[in-house]
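# Summary of structural features
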Amino acid sequence: MSGGPAVRVSIESSCEKQVQEVALDGTETYVPPLSMSQNLAKLAQRIDFSQGSDSEEDGAEGEPRDREWGKQEQEEEEGTVKFQPSLWPWDSVRNNLRSALTEMCVLYDVLSVVKEKKYMALDPVSQDPTAGKTPQVFQLISKKKSLAIAAQLLVKGAEKLSKSVTENQENRRQRDFNSELLRLRSQWKLRKVGDKILGDLSYRSAGSLFPHHGTFEVIKNTDIDLDKKIPEDYCPLDVLIPSDLDGSAYIKVSIQKQAPDIGDLGTVNLFRRPQKNKGSMQPWHVKLEAAQNVLLCKEIFAQLSREAVQIKSQIPHIVVKNQIISQPFPGLQLSISLCHSTSGEKKNNRASPEKSKPDNHLYVLEHNLHQMMREFHKQQLSSVVMPHPATAPFGHKRLRLAGPLAYDKTEISNLQQSEGLLEKIIKQAKHIFLRSRTARTIDSLASRIEDPQIQAHWSNINDVYESSVKVLITSQGYEQICKSIQLQLNIGVEQIRVVHRDGRVITLSHQEQELQDFLLSQMSQHQVHAVQQLAKVMGWHVLSFSNHVGLGPVESIGNASAVTVASPNGEYAISVRNGPESGCKVLVQFPRSQIKELPKSDIIQDAKWSHLRGPYKEVHWSKMEGRNFVYKMELLMAALTPCP
């Protein structure tokens, strides 16, 4: 066999998993392996707890307890206890379980002995009554010593507790300071310079050119006593603000009649009572916001003062202390004041309160000043010069053209001109004043004149330099047939453009009397137009109509208008003349046949001439019944109209 050729034998490894099933196509299905818990349960099932280390104990399970104790004593005497070590892996577990069972049995026996009196009886031991008595002095001394020891222990415990509370408060203050500092850093710009924490209040990062540094310092608040109760509004962080930014400030813009003397305008106390702070805001946040508002107000006033000195106007602007005075219209002055109050001034104001004066602030202009200053910051921030070619700068193409298409000097100067804050705010103040004066004029006419009625519909969408109002002149109860007067007033900066219903445009100045005269003339014309429209509805014929009558007394306001209408059969005629100042005059022309006082003429003998209308007779208009002019005219026409 050894000399024969070697034969290769292929040996396959035994399958680690047991085959459960072999399918018809030869696929084998294996039994899944056991998990760790299943393997542990399988090994635990192999333990035989009935086999003990002592063969005698196995056969004596049903015997009484007294025999067990006797057998154990015999085994101890004989010394026949045999211990054979086993290599079984669960041997230690089995021994521990058996020892635990033994302990439980002993505990059960002890409890049964104590509970049941048949095993053991416990009788009290008698004591000598005189032996336990001690003198009362010794009892007091022992109690005093015990109380002293207990008091010493309590004092030591109280000292430890107070010390721990103080340390906890100090640690909490340090943690609160860090959290407040983190919150402050999330809202304001902070930097550390040496051992100080400094912040920035200025608007330089937003494009401001104001030279004030606007720096504040962050410190730790140590003004509170740790022994006392900490108040609810306590804040571990405080800020130090420059003295010139302390307190509160605002810009006051007002329009008032021109004062004869302007020497003491800057010394008037214009400060109003500050608003109460919200309880949810931190004290440092309120203080920083107030200081930043003071800085912004000072920047606005400095910019306005600079422009007031530089601008050349027909009526020069005046800068007096903390006020800038301008004259937008004759007899009026625009006052822009910087009102700044520090904490010391507030205390003095509280000590000596004054009577509250009527508030004449133009809050819209104050808000517009802040908004325009922020737009100026944005322009300065976005005016960074971008890379551009060396031949020509960026801009309008016609600025780089030559020849007939190029800009001249005037056009280039107009392009380069830009209005400042003061010019813009003066134009807005002119518009606001002209708009309020127009509204006051319309309201006064509407309340003073009941017939005809004047209505004003103001537009909600306006510009800072232009507003519009639609004026309707109507008669009560006849709005559908008497709506010929509809005016559109476009209020600008220095003038008012009136657009009629037919497209005619009239330009009025800023004078109040001019607008009032124009509206009175339009109301006078409305009455004549109403008679014309009513005549068409009633079936009367319009013989003549004129908005500007050249006969009769001359009106100081506008011109008088007149209309003449005839009845359907032509027998009667009504002539109406209405003027803004002279008022209304109504004349009725009757037929000649109804006039008895008419003298007979020798020339007119034919009867056909009797159908002509005779002379006019004036109607006592104030004695006519009716609620308004058009209603009285309707009654008059109805009375003169013949029945069918």
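Residues numbered from 1 in each chain as written. Predicted model: local features only at pLDDT ≥ 70, side-chain atom pairs only at ≥ 80, totals over all residues. Heavy atoms only, no water.

## Re the overall build of the protein
As a reminder, the rule being used: Going along the chain from the N terminus, every DSSP run of H or I of four or more residues is numbered as a helix, and every run of E of two or more is numbered as a strand. For every residue, the accessible area (1.4 Å probe, protein chains only) is compared with the maximum for its type, and the residue is labelled buried under 20%, exposed over 50%, or partly exposed between those bounds. Note on contacts: a residue pair qualifies if any of its non-hydrogen atoms lie within 4.5 Å across the two residues. With residues, only the protein chains shown are counted as cover, and all accessible areas are computed by Shrake-Rupley using a 1.4 Å probe.
Scanning the protein from terminus to terminus reveals 12 helices and 20 strands. When the 644 residues of the protein are sorted by exposure, 30% land in the buried category. When contacts within the protein are restricted to residue pairs at least 6 apart in sequence, those whose partners lie at least 24 apart make up 57%. Here the protein has roughly 45300 Å² of accessible surface; of this, 54% comes from carbon and sulfur atoms.

## Side note on the pairing of strand β1 (residues 19-22)
Every other side chain in a regular strand lies on the same face of the sheet, so the side chains alternate between the two faces. Formally: By the convention used here, strands pair only if DSSP detects at least 2 bridges between them.
Direction of pairing for β1 relative to strand β2 (residues 28-30): antiparallel, over a ladder of 3 bridges. Bridge pairing in β2 links Val22 to Glu28. As consecutive antiparallel partners, β1 and β2 are separated by 5 residues, and within that stretch Gly26 has a phi angle of approximately 90 degrees, a positive value.

## Some thoughts on the sheet that holds strand β8 (residues 318-320)
Just so we agree on the cut-off: Between the N-to-C directions of two axes lies an angle of 0 to 180 degrees, each axis being a line fitted to C-alpha atoms and, for a helix, fitted only over the stretch in contact.
On the basis of which strands lie adjacent, the open sheet formed by 4 strands has the order β7-β10-β9-β8 and antiparallel pairing. Both edges of this open sheet fall to β7 (248-257) and β8, since each of them pairs with a single strand only. Strand-to-strand, the axes of this sheet are offset by a mean angle of 15 degrees, without reference to chain direction. Sheet topology note: the strand β9 (residues 323-326)/strand β10 (residues 332-341) ladder contains 4 bridges and is antiparallel. The partner of Ile325 across the bridge, within β10, is Ser335. Sheet strands touched by helix α10 (residues 421-448): β7, β9 and β10. Its angle to β10, the strand with the most contacts, is close to 120 degrees.

## Some words on the side chain of Glu299
Note the cut-off: The charge count treats Lys and Arg as positive and Asp and Glu as negative. His and the chain ends do not count. Salt bridges are identified by distance alone: a Lys or Arg side-chain nitrogen within 4 Å of an Asp or Glu carboxyl oxygen.
Relative to the elements of secondary structure, Glu299 occurs in helix α6 (residues 283-310). Nearest to the buried, unbridged Glu299 among oppositely charged side chains is Arg306, at 7.9 Å. Not counting residues up to four positions away in its chain, the partners in contact with Glu299 are Ser208, Leu209, Phe210, Met373 and His377.

## Description of the packing of α6 against α10
How we decide: Just so you know how the angles are binned, under 35 degrees is roughly parallel, over 145 roughly antiparallel, 65 to 115 roughly perpendicular, and the rest oblique. Under the convention adopted here, Pro, Cys and the residues Ala, Val, Leu, Ile, Met, Phe, Trp and Tyr are nonpolar, Asp, Glu, Lys and Arg are charged, and Gly plus all remaining residues are polar.
Their axes nearest at 8 Å, the elements α6 and α10 cross at an angle of 90 degrees. Viewed along their axes, α6 and α10 adopt a mutual orientation that is roughly perpendicular. Facing Gln303, Leu304, Glu307 and Ala308 of α6, the residues of α10 in contact are Leu421, Leu422 and Glu423. Per-class residue counts for the contact of α6 with α10 are 4 nonpolar, 1 polar and 2 charged.

## A look at the packing of aromatic side chains
Note the following rule: For this analysis, a ring pair means two rings from Phe, Tyr or Trp (six-membered ring only for Trp) whose centres lie within 6.5 Å, classed as stacked if their planes differ by under 30 degrees, edge-to-face if by over 60, and tilted for the remaining angles. Here, a charge over a ring means that NZ of Lys or CZ of Arg falls within 6 Å of the ring centre while also lying within 35 degrees of the ring normal.
Counted according to the given criterion, the structure contains 4 aromatic pairs. Ring geometry for Tyr572 against Phe590: centres 5.8 Å apart, planes inclined by 85 degrees, an arrangement best described as edge-to-face. Here Phe590 lies in strand β19 (residues 583-591) and Tyr572 lies in the loop between β17 (561-566) and β18 (573-579), a separation of 18 residues in the sequence. Positioned above the aromatic ring of Tyr465 is the side chain of Lys427, whose terminal nitrogen or guanidinium carbon lies 4.7 Å from the ring centre. Positioned over the ring face of Phe329 is Lys430, at 6.0 Å from the centre of the ring.

## Things to note about the sheet that holds strand β14 (residues 496-499)
Here 5 strands make up an open sheet; going across it, the order is β11-β12-β13-β14-β15 and the pairing antiparallel. Edge positions in the sheet fall to β11 (453-458) and β15 (505-508), since each of these pairs with one other strand and no more. Each adjacent strand pair in this sheet contributes to an overall mean axis angle of 25 degrees, direction not counted. As judged from the 6 bridges shared by strand β12 (residues 467-474) and strand β13 (residues 486-491), these two strands associate in the antiparallel manner. Paired with Leu472 across the bridge in β13 is Gln486. Sheet strands in contact with α10 are β11, β12, β13 and β14, and its direction is about 150 degrees off that of β11.

## A few points about the confidence of the model for the protein
Counted only if it meets this: Confidence scores per residue from the predictor, reported as pLDDT, run from 0 to 100.
Averaged over every residue, the pLDDT of the protein is 78; the share at 70 or more is 73%. At the low end of the mean pLDDT range in the protein sits helix α2 (residues 55-59), at 43; at the high end sits β14, at 93. Low pLDDT (under 50) marks residues 262-274, which in the prediction has 28 contacts with non-local residues, meaning those over four places away or in another chain.

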